[in-house]
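Geometric and topological summary
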Amino acid sequence: MLAATTVNYGWSQALSDMAQISPVLVVSVALLVAMLLDLVLPGRVRGATAAGVSLAGLIGAIVAALLLYQSRGHGAYSNFATGDDFAVYFHVFFAVLGILTILVTHPYLARRNFQQPEFYILLLAATAGMMVMGSATSLVTIFLGLELLSISLYVMSGFARRDTRSQEAGVKYLLMGGFASAFVLYGMALIYGATGSTVLQNIARTAAGDTGNNLLVLGILLMGVGFAFKVSAAPFQMWTPDVYQGAPIPVTAFMSVGTKAAAFAMILRVFDQGLPGLSHDWGALLAFVAAASMIVGNLAAIVQTSLKRLLAYSGIAQAGYLLVGVLGAHGSGQAAVLFYLAAYLVMNFGAFAILIVMSGPLGDRDRFEDLDGLGYRHPLLGVLMTVFMFSLAGFPPTAGFIGKFFLFAAAVAGGYTWLVILAVLMSVVSVYYYVRVVVHVWTRPTVAEVRFGVPAGASLAIILSGVLALALGIFPALLFGLAQTGAMPVVAAGP
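1. Regarding the packing of aromatic side chains
Tallied over the entire structure, the rule returns 24 aromatic pairs. Ring geometry for Phe 229 and Trp 239: centres 5.1 Å apart, planes at 35 degrees, overall tilted. Here Phe 229 is found in helix α9 (residues 214-230), whereas its partner Trp 239 is found in helix α10 (residues 239-246), with 10 residues between them in sequence. What makes Trp 239 buried here is its relative accessible area of 2%. Members of the aromatic cluster, each reached through a chain of ring pairs, are Phe 86, Tyr 89, Phe 90, Phe 93 and Phe 94.

Below you can see the structure in the form of C-alpha cells.
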C-alpha cells in the first residue's frame, strides 16, 4: 500500500511539474519533430514543413501558457522552474516573436537560397532557451537557458556561409559571448558559495541576513558584467554593431528583441527576486550601466549610415532606458519594464521586418540611400516605417512614448531623478537620427529604384506591428494590466 501511494505521488508530482513548464515542452517537441521530418522528407518540401511545424509549436506554446495564466504557479523540479504569471508573460512574448520572425523570414530564406529547415530548428532552440530563462527560478536553470539561447544564436549569426561578414559576426559573437558567459557563471558560483544554494528563493532568504558579505557583492558585480553584455549595454556593447551588421537580417531582427527580453527576464528574476535585500549594491551598478548605455548608444547612432548599425546603437540606448525602469519604484518599475519590452518588440521588429522585405538575392539593403523613395514606391511601408521610427524616438501617441513615460515615472518614484533627466536629454538627441531615417523614406531617389514585392506573411507581420505600435500608445491599458500581473511574482519577492 505504501509503495503504491509513493508511486502515485511520484507520477502526480511529475505531471504537475511538467504542466508548469508545458510551453517549453511544446516548443521542444516541435523542435524534435522538425528535426525528424527534415531527415525523412524530400528536399522540396522540407522548408515549408519545418516552417509549418515551427508555427504550430509556437502557437501551441501560447495556448499552453494561457492555460497557466493566474494559476498561482508553484516551484517545479525542486524550485528550479515555475509556471507563474511572470513566466507566462515571457512565454507568450517569445512565442509571438518567433511567429513574427517566421512570417517575414520564409521568403527571405528562399531568395538567399539558405537552408530553411536548419534555420527554423535553430529558431525553435533559441526560443526554448528564452522560455527557460523566463521560467527559471534557480541559477542553474537560468544558465542552461542562457547557453541554449546563446549557442543557437552563434550559429544563426553565421548562417550566411558564403558571406564573410556573416562568418565574422558569428565568430565575434561566439568569442565575446563565451567571455560574458564565463563572467555570469563565475558570479553565480560565488553567490552559491556565499549562500549555499542556487535556488533564488533560498538565496533571497540567506542574503537578507548577510548583506555585508563581500563574496555576494563580488558575485553580483561579475553577474552584472555578463548581464550587461547580454542586453547590449555599455560599456560591454562592443560586439553589438558588428554582429547586427554581419548577421542575416532576420537573425538580427530576432536577436535584437529576443536576447534583450530574455536578459531582462533574467535580471528581474535574479536581482528583484533573488537579491532584493542587496538592491543598494546592484542598484549602483545598474545605474552606471544605464547612464553609459544611453550616452554611448545615442551619440554613436548619430553618425551611422547603415540602418542595421543605427538600430544596433539604438538598441544599446534602449537597454539603458529599460535599466532605468529596473531601478524604479518597487512594483511599478517591473511592470513598466514588461510593458516597454512589448512596445520594443513591435516597433523595433517592425522596422527590421521592412528591411527584410527590401533585401535582395545578393544581400541585405540597409543603407540610408536604399530607403530613398520607399514612401512613394510602397506608401504603406513608408507610413509604417515612419510610425516605427517615431515610436522608437518616443513621440506621442505611440507605444514608445507611453512606455518611456512608465519607465521614467517609476524611476522618479524610486529616487533616480538624475538618471531620468539624463534619459530625457538623450531621448531628445535620439530624435535627430530617427527623423533622419524618416527623411530618407520620404526623399525622392536620385538613382534607379529597386523594385520588390511584399509577401502576404510579411505584410501581416509588419501591419500588425504598426497597429500595435499605435494601439499600445493610445490604449496602454490593453497591456499594462497584464504587465502588472506578470510582474507580481518578482514584486512579491521584494522588500
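More follows now that the structure is in view.
2. Section: the environment of Arg 112
Here Arg 112 lies in helix α4 (residues 85-112). In terms of polar contacts, Arg 112 uses its side chain to reach the side chain of Tyr 108, at 2.7 Å.

3. Observations regarding the packing of α10 against helix α11 (residues 249-274)
Two elements in contact, α10 and α11, have axes whose closest approach is 9 Å; the angle formed by their N-to-C orientations is 145 degrees. Contact residues: α10 offers Trp 239, Val 243 and Tyr 244, while α11 offers Thr 252, Met 255, Ser 256 and Lys 260.

4. Some details on helix α20 (residues 456-474)
Given a rise of 1.5 Å per residue, 19 residues ought to cover 27 Å, and the 27 Å separating the end C-alpha atoms of α20 matches this to within 8%. Those residues of α20 that sit buried are Ala 458, Ala 461, Ile 462, Ser 465, Gly 466, Ala 469, Ala 471, Leu 472 and Gly 473.

5. So, a nonpolar patch on the surface
A contiguous nonpolar patch, built from Leu 15, Met 18, Leu 25 and Tyr 77 and spanning about 360 Å² of accessible area, is present on the exposed surface. Following the sequence through the fold, Tyr 77 ends up in the loop between β1 (75-76) and β2 (81-82).

6. Some remarks on the layout of surface pockets
There is about 520 Å³ of room inside the largest pocket. Every residue lining the largest pocket is counted, 20 residues in all, and those nearest its centre are Tyr 89, Val 92, Val 96, Leu 479 and Leu 482. Per-element accounting of the lining of the largest pocket gives the leading share, seven residues, to α4. Counted by class, the lining of the largest pocket contains 17 nonpolar, two polar and one charged residues.

7. Observations regarding the pattern of salt bridges
Counting across every chain of the model gives six salt bridges. Between Asp 242 and Lys 172 there is a salt bridge; the shortest N-O distance is 2.8 Å. Of the two residues, Asp 242 sits in helix α10 while Lys 172 sits in helix α7 (residues 164-195), which places them 70 residues apart along the sequence. Note that Arg 367 and Asp 370 form a salt bridge whose closest N and O atoms lie 3.2 Å from each other.

8. Describing the packing of helix α3 (residues 43-68) against α4
At their nearest, the axes of α3 and α4 sit 9 Å apart, and the two run at 160 degrees to each other. Judged on the interaxial angle alone, α4 and α3 are roughly antiparallel. Every pair of crossing elements has a handedness; the one defined by α3 and α4 is left-handed. Residues Gly 47, Ala 48, Ala 51, Ser 54, Leu 55, Leu 58, Ile 59, Ile 62, Ala 65, Leu 66 and Leu 68 of α3 touch α4, and the partners they reach there are Asp 85, Val 88, His 91, Val 92, Ala 95, Val 96, Gly 98, Ile 99, Ile 102 and His 106. Here the residues of the contact of α3 with α4 sort into 15 nonpolar, five polar and one charged.

9. Quick word on helix α17 (residues 379-393)
Under the 1.5 Å per step criterion, the end-to-end length of α17 is 21 Å for 15 residues, consistent within 8% with the ideal 21 Å. For α17, the buried fraction is high: 11 of the 15 residues fall into the buried class. For α17, the full list of buried residues reads Leu 381, Gly 382, Leu 384, Met 385, Thr 386, Val 387, Phe 388, Met 389, Ser 391, Leu 392 and Ala 393. Following α17 by one or two positions, Gly 394 has its phi on the positive side, about 95 degrees.

10. Looking at the side chain of Lys 230
Mapping Lys 230 onto the fold places it in helix α9. If we skip the residues at most four places from it in the chain, Lys 230 touches Leu 146, Ser 150, Tyr 154, Gly 177, Ser 181, Thr 259 and Ala 263.

11. A look at the environment of Met 238
Within the element layout of this structure, Met 238 appears in the loop between α9 and α10. For the pair formed by Met 238 and Lys 172, sequence separation is 66 residues and the distance between their alpha carbons is 9.9 Å.

Rules and cut-offs
- Residues numbered from 1 in each chain as written.
- Predicted model: local features only at pLDDT ≥ 70, side-chain atom pairs only at ≥ 80, totals over all residues.
- Heavy atoms only, no water.
- Phe/Tyr/Trp six-rings, centres within 6.5 Å; stacked < 30°, edge-to-face > 60°.
- Helix = DSSP H or I, 4+ residues; strand = E, 2+ residues; numbered from the N terminus.
- Buried < 20%, exposed > 50% of the residue type's maximum accessible area, 1.4 Å probe, protein only.
- Polar contact = N/O pair within 3.5 Å; in protein donor to acceptor, adjacent residues only side chain to side chain.
- Axes fitted to C-alpha atoms, helices over the stretch in contact; angles between N-to-C directions.
- Contact = heavy atoms within 4.5 Å.
- Expected span 1.5 Å × (residues − 1).
- Patch = residues over 30% accessible without salt bridge, like charges linked within 9 Å, V, L, I, M, F, W, Y side chains within 5 Å.
- Areas by Shrake-Rupley, 256 points an atom, 1.4 Å probe, with all protein chains shown as cover.
- Salt bridge = Lys/Arg side-chain N within 4 Å of Asp/Glu carboxyl O.
- 1 Å grid on protein atoms, 1.4 Å probe; cavity = no way out; pocket = protein on both sides within 12 Å on 5 of 7 lines; lining within 4 Å.
- Points joined across faces, edges and corners; volume = space filled by probe spheres on them.
- Nonpolar A, V, L, I, M, F, W, Y, C, P; charged D, E, K, R; others polar.
- Parallel < 35°, antiparallel > 145°, perpendicular 65-115°, else oblique.
- Left-handed = near helix turned anticlockwise from the far one by under 90°.

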